[in-house]
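# Summary of the model geometry
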Amino acid sequence: MREHTVLRVVAQLIIPPILIFALYVQFHGDYSPGGGFQAGVIGASAIILYGLIFGVEAARRAIPPTALRITASLGVLIYGGTGVATMLAGGNFLDYDVLAHDPIHGQHYGLLIVEFGVGVTVASIMIAIFYVFAGRGRVEDRDT
Amino acid sequence: MIAHFVSQFPILVVVVPLLTMPLVVLAHRAFAAWALYLACTWAVFAMACALFARVATHGPIDYAVGGWAPPFGIELVIDSFNAVVLLLVAGMAAINSIYARASLAREIEPERLYLVYALMLACLAGLIGITVTGDAFNLFVFLEISSLSSYALIAMGPKRRALLSSFQYLIMGTVGGTFLLIGVGLAYMMTGTLNMADLATRLPAVFDTRTCQAALAFIVVGLSLKAALFPAHIWLPNAYTYAPSSVTAFIAATSTKVAVYALIRFVFTVFGASYAFEQLPLNQVLLGLSAIAMIAASLAAIFQTDVKRLLAWSSVAQMGYIVTGFALASTAGLSASLVHIVNHGLIKGALFMAVGAMAWRTRTTSINDLAGLGRTMPFTSAAFVVGGLSLIGVPATAGFISKWALLSAILAAGHYLIAALVLIASLLAVIYVGKVVEALYFRPRDAEASNHDAGEAPLAMQIATWALIALNVAIGLHASPELTATGRAAHALIGGGA
Amino acid sequence: MTAFFTETVPGLFNYWVVIALMMIGFYTVIAHDNLVKKLIGLNVFQTSVFILYISMGTIRGATAPILMDGPAGDHAVYAHPLPQVLILTAIVVGVSTTALGLALIVRIHEAYGSIEEDDVLAADFATQDAEQAEEDERSRAAKAAEPHAPSGGDDGAEHEDDPRR
């Protein structure tokens, strides 16, 4: 679709706001509807749009699949690591109260970090799924 | 600090595999991935042992995730019943980790090996999560984690037929999972709680409503699909046959057992045996279906030409024994059910490992291709024979203990027809095990095959197989620790349900 | 009967939709041969359950469960947030299942050149029959070659006797 000027221009205009909106949904998620999962999907949709308009190869150059493997794992580690940190601080798993001097701030920080982990993983996995499906050639011959 | 660390074990048995999974993905290289897998499963096994010992001496352990007090937060509960299942799952994973490296290296391309280990860890985390959780919705989530990873693991099998087997399992498994979700939703609708203990106290008030009856029906059907209870077993033979050997050994020993555990947990702890078995005719339904499963699946097993498929059909039959036990709704029956959950896990784990070891050498699992292996692979073949004897229920093996417990429970309940069917199914087991043993020992090895397939399987695979065989014999010779643990568990469950 | 049409049907409108979607989805899963259609049926089936959960958390006239400050917040009636959170989890599970199912379908298409279950099964049965024929041939050959073949013969006889016992 490289030759469609309208699509290219609109995509270029719209991708940055999508990413900003993803970040808003991510980090404002504890005051308003949102959170890691939604933000991850919104952010991934920006990259998927880029891939649809400019080609999967261009998207792969921007965000290589190897990087996705690492970020997806890191997201899970951020999530679980927060839980482990709360355990080390003397609470139960994911008991954010112990993360700061008082429970309210603790809950706040804990939620922010955990949701960040969720967002990173969800965005990575969504993009990875897109790469896997879009990168698959139309193989008609049978190979096992 | 140490005491705090120990008090975190109930969540750590789930979190450690869940967090090792991304580390395995980051490690990427096959050997590093396997080393992490090995370390993780043994750590989980050690924690499971500690939990088991603690439950045996100090009684049930509750753990509030996130510090949120139940029934509002998610609660993990380990009592004498699921401690046994936890020990089985963690133990099978630990022994499997020794076995997996050599076995998987033959069947999967090296660059995809780390994914298999990551998925095995996800599956382990899911299965342990189902076992330890005290929250009905949380159980659904863990069930889907373990199921999704199983679908992917089965699809990694070396033959192309693995793909459709996995897809069929995915469809049936998801329908089962969704049924469970509906059932839990209906129960939630009537009570406003998802905590199992809380549900158990609130449900009796609404027992007469149709919503509550529908909830139990949906949950039983959904979990029966996951447990491959006849007639919802269609996915199982193909899935077990085409999955990689080490995956089959792990899933066959744990996955359906954990689903049955969940079924028992819902029927006895959440709804209560008197509701399910006296107000509703669940026991007649389950007894009938399991009787058919025992006979029909054993007959089907006799006519298989592939050892893995033969053992898979036998698993469907054995599931009949397990369900028969708890459908009796007596302490003895429930105890027999739990004994067979453990023993059948050990038996099938050992047998699938032995078959996997043979397949490692011959690259096939068809009975004819295994002919004469008794001479070239004496240790593996002997392991298969002992495992087979245990499957039949010969004295001095674990299988005998579970058959004995089951038969005495059935006779005590006065179901003589069912007892006769159990015995007939055991005779059928003699035939299908005998069929494989006959091929192994009493038929000559193909001349062309023996030239390049001579020799035993790798030592690690034999050690893992024989470890399970040794457990089988040890339980067969000295069953009292196991029977004490299961008897206590059954008492706790029946007492809690009534 | 009139109460049924004036109250039960509109009052339980959501639940009627749930039942309809559930049956449509389940029927599609069972009846269709095309694997993609099966998967879509599965999705419809799951969606009906999502609606079931959301419906039970709804209160007529309630707002979204976001805490409001000030006087508006004091008298506000909120919808129950827990079913919505639960169903978010179930949706994630559904998305994962769909992605995995589609990935399997792509691989099946690559391996068999078809996504019709009948075609795939037919291809499988063809392979299986060929293998079976080969196995039977070899069993016969093995038994013929065996000079002391009673063990194999006994085995065959027991097949027929045992179930009737």
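The structure presented is a predicted model; accordingly, all values stated were derived computationally and were not measured. (Residues numbered from 1 in each chain as written. Chains lettered and ligands numbered in written order. Predicted model: local features only at pLDDT ≥ 70, side-chain atom pairs only at ≥ 80, totals over all residues.)

### Points about the overall build of chain B
Within chain B one finds 22 helices and two strands. Compactness check: chain B gives a C-alpha radius of gyration of 21 Å against a globular reference of 23 Å for 498 residues, within 12% of the reference. Its C-alpha atoms give chain B principal-axis dimensions of roughly 70 × 55 × 40 Å. Counting the 498 residues in chain B, one finds 69% classified as buried. Sequence-distant contacts in chain B: of pairs separated by 6 or more residues, those separated by 24 or more amount to 80%. (Helix = DSSP H or I, 4+ residues; strand = E, 2+ residues; numbered from the N terminus. Rg over C-alpha atoms; globule rule 2.2 N^0.38 Å. Buried ≥ 20, exposed ≤ 12 C-beta atoms within 10 Å, placed from the backbone. Contact = placed C-beta atoms within 7 Å.)

### Remarks on the interface of chain B and chain C
The interface of chain B with chain C comprises 37 residues on the first partner and 38 residues on the second. At the level of secondary structure, the elements contributing two or more residues to the side of chain B that touches chain C comprise α6 (136–155), α7 (161–191), α13 (282–302) and α19 (416–442) of chain B. Grouping the constituent residues of the side of chain B that touches chain C by class yields 23 nonpolar, eight polar and six charged. (Nonpolar A, V, L, I, M, F, W, Y, C, P; charged D, E, K, R; others polar.)

### With respect to the UniProt feature "transmembrane region" (unreviewed entry) in chain A
Residue and element names in this part refer to chain A. UniProt's feature table lists "transmembrane region" (unreviewed entry) at residues 7–25, 37–56, 68–89 and 109–134, given in the numbering used throughout. With 95% helix and 0% strand, the stretch residues 37–56 has end C-alpha atoms that lie 24 Å from each other. Secondary structure across residues 109–134 comprises 100% helix and 0% strand; the distance between its end C-alpha atoms is 37 Å. (UniProt positions renumbered as here; feature names shortened; annotations may be inferred.)

### Section: the packing of helix α4 (residues 80–107) of chain B against helix α21 (residues 459–477) of chain B
Residues and elements named next belong to chain B. Taken N-terminus to C-terminus, the directions of α4 and α21 make an angle of 150°; their axes are 8 Å apart at the nearest point. Judged by the inter-axis angle, α4 sits roughly antiparallel to α21. In this structure, the crossing between α4 and α21 has a hand that is left-handed. Contacts from Ile-95, Asn-96, Ile-98, Tyr-99, Arg-101, Ala-102 and Ser-103 of α4 reach α21 at Ala-460, Met-461, Ile-463, Ala-464, Ala-467 and Leu-468. (Axes fitted to C-alpha atoms, helices over the stretch in contact; angles between N-to-C directions. Parallel < 35°, antiparallel > 145°, perpendicular 65-115°, else oblique. Left-handed = near helix turned anticlockwise from the far one by under 90°.)

### What about the environment of Ile-11 of chain B?
All names here are of chain B. With respect to the helices and strands, the residue Ile-11 is situated in helix α2 (residues 9–27). By the C-beta count within 10 Å, which is 23 here, Ile-11 ends up buried. Taking the C-alpha atoms as reference, Ile-11 lies 8.4 Å from Val-132; in sequence the two are 121 residues apart.

### Examining the UniProt feature "domain: Na+/H+ antiporter MnhB subunit-related protein" (unreviewed entry) in chain A
UniProt records the feature "domain: Na+/H+ antiporter MnhB subunit-related protein" (unreviewed entry) at residues 6–127 of chain A, using the numbering of this structure. For residues 6–127 of chain A, helix accounts for 80% and strand for 0%, while the C-alpha atoms at its two ends are 24 Å apart.

### Focus: the environment of Lys-348 of chain B
Residue and element names in this part refer to chain B. If you trace the backbone, Lys-348 turns up in helix α15 (residues 331–362). Residue Lys-348 is classed as buried on the basis of its C-beta count, with 29 C-beta atoms lying within 10 Å. Sequence separation of Lys-348 and Ile-251 is 97 residues, and the distance between their C-alpha atoms is 9.8 Å. Those residues in contact with Lys-348, other than ones at most four positions away along the chain, are Ala-252, Ala-253, Leu-311 and Ser-315.

### Here's the deal with the UniProt feature "domain: NADH:quinone oxidoreductase/Mrp antiporter transmembrane" (unreviewed entry) in chain B
Taken from the UniProt record, the annotation "domain: NADH:quinone oxidoreductase/Mrp antiporter transmembrane" (unreviewed entry) applies to residues 135–428 of chain B. This span, residues 135–428 of chain B, is 82% helix and 0% strand, and a straight line between its end C-alpha atoms measures 40 Å.

### Some points on the nonpolar core
Core analysis: the biggest nonpolar cluster contains 280 residues, and Val-13, Val-24, Leu-86, Ala-90, Tyr-117 and Leu-121 of chain B have the highest contact counts within it. Leaving out residues up to four positions away in the same chain, Ala-90 of chain B has contacts with Val-13, Val-44, Phe-45, Ala-48 and Ile-128 of chain B. (Core = buried A, V, L, I, M, F, W, Y, C linked by C-beta atoms within 7 Å.)

### Topic: α15 of chain B
Residues and elements named next belong to chain B. Taking 1.5 Å of rise per residue, the 32 residues of α15 would be expected to cover 46 Å, and the 46 Å separating its terminal C-alpha atoms lies within 8% of that figure. Here α15 lies mainly inside the structure; 30 of its 32 residues are buried. Positive backbone phi, approximately 60°, marks Arg-363, located one or two places after α15. (Expected span 1.5 Å × (residues − 1).)

### As for the confidence of the model for chain B
Mean pLDDT over chain B: 92, with 98% of residues reaching 70 or higher. Two summary scores accompany this predicted model of the complex, namely pTM at 0.91 and ipTM at 0.90. (pLDDT = per-residue confidence, 0-100.)

### A look at the packing of helix α18 (residues 398–413) of chain B against α19 of chain B
All names here are of chain B. With their axes 9 Å apart at the nearest point, α18 and α19 run at an angle of 155° to one another. Between α18 and α19, the interaxial angle falls into the category roughly antiparallel. For the pair α18 and α19, the contacting residues are Lys-403, Leu-406, Leu-407, Ile-410 and Leu-411 in the first and Ile-418, Ala-419, Val-422 and Ser-426 in the second. Classifying every residue of the contact of α18 with α19 by side-chain character gives seven nonpolar, one polar and one charged.

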